[in-house]
Every structure is written in C-alpha cells, then in structure tokens.
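Observations on the model geometry
Chain by chain, the residues run as shown.
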Amino acid sequence: MKSIKTLRFGLIGTGMMGKEFASAVMRWSHLLDMDIKPEIVSVCSEHITEEKARWYTEGLKTVHQVTRNWKEVIDSSEVDALYIAVPNHLHEEMYKGAVRAGKHLMGEKPFGIDRAANLAIMKSITRNPDVFVRCACQWHFAPAIQRLCSIIEQGRLGRIIEVEAGFLHSSDLNPEKPINWKRVVKYNGEYGCMGDLGMHILAIPIRAGWYPRNVRAVLSDIVKERPDGKGGRACCETWDNAVLLCETEADTGEVFPMTLKTHRIAPGEKNTWYLNVYGTKTSVKVSTKQINTINILEYSGGDQAWQVIDTGYETAYPTISAPLFEFGGIDSIFQMWAAFLYEFSVGKPKSLFSGCTTPDEAVWSHELFTAALESADKKKTVEVTEPRREGR
Ligand SMILES: NC(=O)c1ccc[n+]([C@@H]2O[C@H](COP(=O)([O-])OP(=O)(O)OC[C@H]3O[C@@H](n4cnc5c(N)ncnc54)[C@H](O)[C@@H]3O)[C@@H](O)[C@H]2O)c1
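Residues numbered from 1 in each chain as written. Predicted model: local features only at pLDDT ≥ 70, side-chain atom pairs only at ≥ 80, totals over all residues.

This part covers the packing of helix H1 (residues 16–26) against helix H9 (residues 329–346). Two elements in contact, H1 and H9, have axes separated by 10 Å at closest approach and are oriented at 70°. Relative to H9, the element H1 is oriented roughly perpendicular. Residues Glu20, Phe21 and Ala24 of H1 lie in contact with H9, whose contacting residues are Ile333, Phe334 and Trp337. Split by residue class, the contact of H1 with H9 holds five nonpolar, no polar and one charged. (Axes fitted to C-alpha atoms, helices over the stretch in contact; angles between N-to-C directions. Helix = DSSP H or I, 4+ residues; strand = E, 2+ residues; numbered from the N terminus. Parallel < 35°, antiparallel > 145°, perpendicular 65-115°, else oblique. Contact = placed C-beta atoms within 7 Å. Nonpolar A, V, L, I, M, F, W, Y, C, P; charged D, E, K, R; others polar.)

Quick look at the structure:
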C-alpha cells in the first residue's frame, strides 16, 4: 500500500467557508489516487461558541487546538498550512503573518480588501518563495466547466468574438434582509459586489491569458439601508451590482469585448455563475444553473446548431462516485481542495485549468476592480494596469 503524506492545517475563520473546508476534509476518502491528505489540527475564530467548537472537534478527531487568537495558530509548530476564511479587512494582516511564518496558505478572495492590501500580501509572498499559496475559487472545477476549459486549451475556439461572464445572486432583492459584514465598506471593501463575486468569474479568463486592457464600469447602489439586526436600520453602503465592459486582449494578440456582471440583486437568480465564449470555430456556454450541462456550437459552414450535452461526475480529481452521477456546487469546493493538495504534493496541477487560482491571477482582479471604481466615478473608460511581476 502506498504511503499517504499528511498536510497539517490550521483553520482561521469557522464561518460558512471554514465549515465547507472541514466538511471536505471529513470526506477526503471520497477521493481516489491522492498521495496526500489534509488534517485539521487547529481551529480559530474570534467568537467561537462551545457549540461550534464541538461541531469541529466531534467531526474532526485530529483537532487539538481551539483558540480565539489567530496568532497562536500561525505560530504553532504543529501547523504546516493554513486556510484563512475571515472577513476581507483581515486578509492583509493574517495572510502576511501566515506567509512570513513559513506556512502554506489557501487564502480567500478577494485576497486583500483593496489593491494596497493585495500589494502588501504579494510582497510577503515574493519574499517567502518557499510557501505554496493559492486563492480559493471553485467554480471552474465543475466537469461541464472543465470541458469548456479543454476546448480553450485545445485551441478549438477559432478567433474569439466575444466573452460574457457573470455571477448573479438575488437574495439582496429583499430590502428586509438584515445587513452583515459583506454589505459594509469597512469590512468588505470599496469594491462591494466586485470584490465579493468578481474573482470567481475572472479565474478562467485570466488563466486563459485573456487580459482586460481597459474598462467602462457601471455600478449600482440599489438598496441603501437595511435592518441592522438589532431593531434599527443601518446604511447599506456597498455596490450591489456591477457591469464591466472590458476591451480584452488574448496572449495571441486578438482583441475582443468581455462583459462581466457581478450582481447581488439579479431577480430570480440564486447563485448563477456563467461563462459564454463565442468563437469563429466553436462557441461554448456553461452556467451553474444547469451545472451538468454544456452548450457547444461548432461551425465549419452550414447550419449553426447548439448541441446540449449532459456531463456527469467526470472530475479532474477522480472520486469513488460513478461518472454518471450528477455533480453539485459543493463538489466544486471538494475538487478545489483536491487541486490544492495535488499541486502542493506533485508540484504542478494536472492540467492548465485544473489548478487553483494563483496569487498573481488575483492581482489582475485588483487592477481591474480598482480601474472599474475610477471608471464608474468619472463615467469614462479607464486603462487597466498590467500587474508588474517584480516587487509583488
Ligand atoms: N469561495 C467562496 O465561494 C466564498 C464564499 C463566501 C465567502 N468567501 C470568502 O471567505 C471569507 C470568509 O467568508 P465567510 O462567508 O466564511 O464569512 P463568515 O462571516 O461566515 O465567517 C467569518 C469567520 O471569521 C471569523 N473571524 C472574524 N474576525 C476574526 C478574527 N479577528 N480572528 C479570528 N477569526 C475571526 C468569524 O468569527 C467567522 O467565524 C471572505 O474572505 C469571503 O470573501 C468565499
């Protein structure tokens, strides 16, 4: 029997995403052919309750430290790697602390509350080249979306005509939904919905080498106040919706329009991530609304007809699940963690698009969202600065 390596994790932030990671770890044996497994040994949250601590310690017998002090986790000699899933204003201090302590890191998007925070994080990463750092973005791991990625990788698109990508939520349509940190600039950042949802839709375009060169952004602040959860009202100051039209240049020199939408108020949409790519030879459409379906139009003259193809559990990282079973959104998170550990262990992802988002790719999102804020403010098109490699 081959030996399995263990990567000992500290988890900082035990909220929604912290629990998703713990759940992925709890079912690690669902994966086949992995020579490495994560083990959560330390759990940290500022206000951890006894009930929540029990959820972690009962589900994960490997946890031997529960603390409210994140520095104890970063300093622990028992911890090799960290997953930090905390509000955006804490990314800079904690990610820098983790990297400086020599811990491998899965950070959450937007990877710094703003461009300055991201720059500071990137400087720490450059100074500590031996740590393995990635940014959590999971949607591209769905098999239908991986299939779209292989069409890009195989060069089957022809000349790219246009790209549309978006991430649409709708629960904020309810003006009585109480405010939380994601609707407060101090904690979520000036980017608002772009910082929240934008890296998710940029992950594939940036990996594909499709770089936004300029942007005209229209940002909407639709619901201006919300219940504060304590019987009063609070100002809801973050951008609800963003539409970004980008003149985009591929590595090949082709220039095409790319429209990006990050909406928290898109009536009828629960959690719809989509990517439509139109090429002169092949056009492809995928959406998490039908996560097991890919639409393909191949053109070589004659009729133009969309094929609608069902995909199953044909994942980049094989599991015990039969390939004909349907794949779900949460399985994308599981695949993302498999990708993180696989790349950490083997040194490279299985294929171009089956790796996790890199810190350098997250930098692009900051350059774009910073330009988008200026564009919306000045009501004009703004150049997007190409990220510099050195010093970052
Ligand atoms: N990849 C995704 O699909 C996805 C989805 C949602 C959120 N996120 C990102 O994940 C991160 C966390 O979001 P969430 O939805 O899990 O938030 P959440 O509010 O559910 O959880 C945040 C956690 O951080 C803890 N925390 C806050 N301050 C702390 C401190 N000083 N020390 C230690 N712990 C502290 C809180 O106690 C809580 O457990 C954010 O960066 C967000 O942008 C990613």
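As a further point, take the nonpolar core. Within the largest apolar cluster, 104 residues are counted, with the highest numbers of intra-cluster contacts made by Leu82, Ile84, Leu148 and Ala372. Each of domain 1 (5–136) and domain 2 (140–326 + 358–378) accounts for three or more of the residues forming this core. Here leucine 82 is in contact with Phe9, Gly10, Ile12, Val73, Ile74, Ala98, Lys103 and Leu105, once residues within four sequence places are set aside. (Core = buried A, V, L, I, M, F, W, Y, C linked by C-beta atoms within 7 Å. Buried ≥ 20, exposed ≤ 12 C-beta atoms within 10 Å, placed from the backbone. Domains from an automatic or database assignment.)

Take the site of the ligand next. Close to the ligand lie 21 residues; Gly13, Gly15, Met17, Glu46 and Glu108 are nearest. Broken down by element, the shell around the ligand gets its largest block of residues, three residues, from H1. Residue composition of the shell around the ligand, by class: 10 nonpolar, eight polar and three charged. (Near = placed C-beta within 6 Å.)

Bringing the domain arrangement of the protein into the picture now. Interfaces are often sized by the accessible area lost when the parts come together. Segmenting the protein into domains produces domain 1 (5–136) and domain 2 (140–326 + 358–378). With centres defined by C-alpha atoms, the gap from domain 1 to domain 2 works out at 25 Å. The element that contributes the greatest number of residues to the side of domain 1 that touches domain 2 is helix H5 (residues 115–127), accounting for four residues. The residue makeup of the side of domain 1 that touches domain 2, split by class, is 10 nonpolar, five polar and five charged.

A separate point is the packing of H5 against helix H10 (residues 359–378). Contact pair H5 / H10: the axes reach a minimum separation of 10 Å and the direction vectors enclose 160°. Of the possible angle classes, the one that applies to H5 and H10 is roughly antiparallel. Where H5 crosses over H10, the handedness of that crossing is left-handed. Residues Arg115, Asn118, Met122 and Ile125 of H5 form the contact with H10, whose participating residues are Pro359, Ala362, Val363, His366 and Thr370. Of the residues that constitute the contact of H5 with H10, the class distribution is five nonpolar, three polar and one charged. (Left-handed = near helix turned anticlockwise from the far one by under 90°.)

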